[in-house]
Amino acid sequence: MPQILSQPESRTAKLMPLCVDLDGTLAKSDTLVDSLLVLARTQPLLLLHLPGEVIRGKAAFKAFVAQNTALDVAHLPYNRKLLQFLQIEHAQGREIYLATGADAGLAQRVADHLGIFQEVLASDGTRNLTGNRKLDSLRNRFGNSDFVYVGNDTPDLPVMAGAAESMVANPSRKLRTRMRARGITPTRAFEERSDPWRSLVKALRPHQWAKNLLILLPPLLAHSHSLRLLMAALLAFFCFCCTASATYVVNDLLDIENDRQNSKKRMRPFASGDLAPSRGLIASVLLLTAGFTAAQFLPAAFSFCLLLYLCSSFLYSFYLKRIALVDVLVLSGLYTLRLLAGGAATGTPISHWLAGFAIFLFLSLAIVKRFAELENLHLTGTQLKNGRGYLMSDIEQMRAFGTASAFAAVVVFANYISSRDVTVLYRHPQRLWLIVPFMILWLCRVWLLASRAELDEDPVAFALTDAASLVMGVIVALIVLASI
């Protein structure tokens, strides 16, 4: 994509008021879309009123959304390069105006937070201040062309054409093309965004697909190694990867405001403004279509498991994640559901030993995820605002729940290798006892690192990147092979 070269502003333009757009320009995201996502998470029933508000017009629609949400303007993904430039210009005495199509109430809160704007020109509930309306408003305020304008997309083109000079911030490709066609050359360009395709891949969280390897466990642990079962398991793995990624997108969109308040999660594609929610929703629909289409080639029981996973994930994203303890039970259940899906896809029964072991192990991992979040917030002195239903005083109780569940999993595994059932599949079952110390070591290490706030808040990501975990995984695999 060709780059727009910055040119020095003219001496006259430096004396002119500087007018800045908000959505996509000063903020890398669209505040209306952000507000709709917050509304969907906090007051979903109000979404039923949106069609009626749309009929009243764009300005009324924006006003309704703004009045029913309190978007956190302090953590919006501002274009830092542009903001730094505006702060310097403000310090030098230049008058800066926020000229936006966003609702006036929201725009004023942004202006109050940043403290650099002389005045706010915005939609007022009856007039949608975009395109030619914005140009007319600026001309009435400053004269025919006595202002400089900063925009990012084609609705800003009439204003840029009517301004004395124009600047761009993360300009769209269509805007670049139309500016060249009309002979408009920007004096400055403020580029701050990641590659959209790379951001999309990041939003799909391919590293989380490792969880779906649980689908392969039922036939492997049953020592069923036929090509037909392997192909069925791999197809089921594909279905779950597509469906899981679609749910991750929806979860991140609904959690966009909370993610921005988190020092690590604020860099996620949607929270950082690097990826438009519309692209994420399109990708989510395509992935769900692919996943459920492929599921038609597997037994109906697998399709039921996949549908149950999808419904549970969406219910978790919309509501259950805000209920303490219920959230970790749902997360552990989603892990266990993968095992059941693998069994359904390959026709492999799930033993009561595997089910019991999985429930306790995954419950411990789900709890350590929440525990790590609380511990990290506690050590950094950050106020708890994630809406998860937990308090800082819950840390020790969560530690007790999680470690108890971890050792319950170890006990179930020890009972299994002590039972007669193990002799059906293993010729040397006594060798499986060598796994127990490694299991205890890994689980204790995870909880120890979490207590020190050194654990990634995602235990799966930790296991895939931690050298000690990978080494222990290889050793356990070798022990299993030696026991067969």
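Residues numbered from 1 in each chain as written. Predicted model: local features only at pLDDT ≥ 70, side-chain atom pairs only at ≥ 80, totals over all residues. Heavy atoms only, no water.

1. Remarks on the overall build of the protein
The secondary structure content of the protein amounts to 21 helices and six strands. Overall, the C-alpha framework of the protein stretches about 90 × 50 × 45 Å when taken along its three principal axes. The contacts in the protein between residues at least 6 apart in sequence include a share of 68% that link residues at least 24 apart. Carbon and sulfur atoms make up 62% of the accessible area of the protein, which totals about 22600 Å². (Helix = DSSP H or I, 4+ residues; strand = E, 2+ residues; numbered from the N terminus. Contact = heavy atoms within 4.5 Å. Areas by Shrake-Rupley, 256 points an atom, 1.4 Å probe, with all protein chains shown as cover.)

2. Description of the packing of aromatic side chains
Going through the model one piece at a time under the given rule, you end up with nine aromatic pairs. Ring centres 6.1 Å apart and planes at 50° place the aromatic pair Phe-357 and Phe-413 in the tilted group. Here Phe-413 lies in helix α18 (residues 395-418) and Phe-357 lies in helix α17 (residues 352-380), a separation of 56 residues in the sequence. Pair check on accessibility: Phe-357 and Phe-413 agree, each one buried. (Phe/Tyr/Trp six-rings, centres within 6.5 Å; stacked < 30°, edge-to-face > 60°. Buried < 20%, exposed > 50% of the residue type's maximum accessible area, 1.4 Å probe, protein only.)

3. Side note on empty space enclosed by the protein
Applying the stated criterion across every chain, the model contains three cavities of 30 Å³ or more. A volume near 60 Å³ is recorded for the second largest cavity. As for the second largest cavity, its lining consists of Thr-31, Leu-32, Ser-35, Lys-62, Val-65, Ala-66, Ala-102, Asp-103 and Leu-106. Grouping the constituent residues of the lining of the second largest cavity by class yields five nonpolar, two polar and two charged. (1 Å grid on protein atoms, 1.4 Å probe; cavity = no way out; pocket = protein on both sides within 12 Å on 5 of 7 lines; lining within 4 Å. Points joined across faces, edges and corners; volume = space filled by probe spheres on them. Nonpolar A, V, L, I, M, F, W, Y, C, P; charged D, E, K, R; others polar.)

4. Focus: the confidence of the model for the protein
Predicted confidence across the protein gives a mean pLDDT of 92, with 95% of residues reaching 70 or more. Counting contacts from residues 1-7, a segment whose pLDDT is below 50, to residues more than four positions away or on other chains yields 20 contacts. (pLDDT = per-residue confidence, 0-100.)

5. Examining helix α15 (residues 300-318)
The end-to-end C-alpha separation of α15 is 27 Å, in line with the 27 Å expected for 19 residues at 1.5 Å each. Listed as buried for α15 are Phe-302, Ser-303, Cys-305, Leu-306, Tyr-309, Leu-310, Ser-313, Tyr-316 and Ser-317. Down the axis, α15 shows its buried residues gathered within 160° of arc, on one side only. Exposed residues pointing more than 90 degrees away from the buried face of α15 are listed as Ala-300 and Phe-304. (Expected span 1.5 Å × (residues − 1). Arc of directions from axis to C-beta.)

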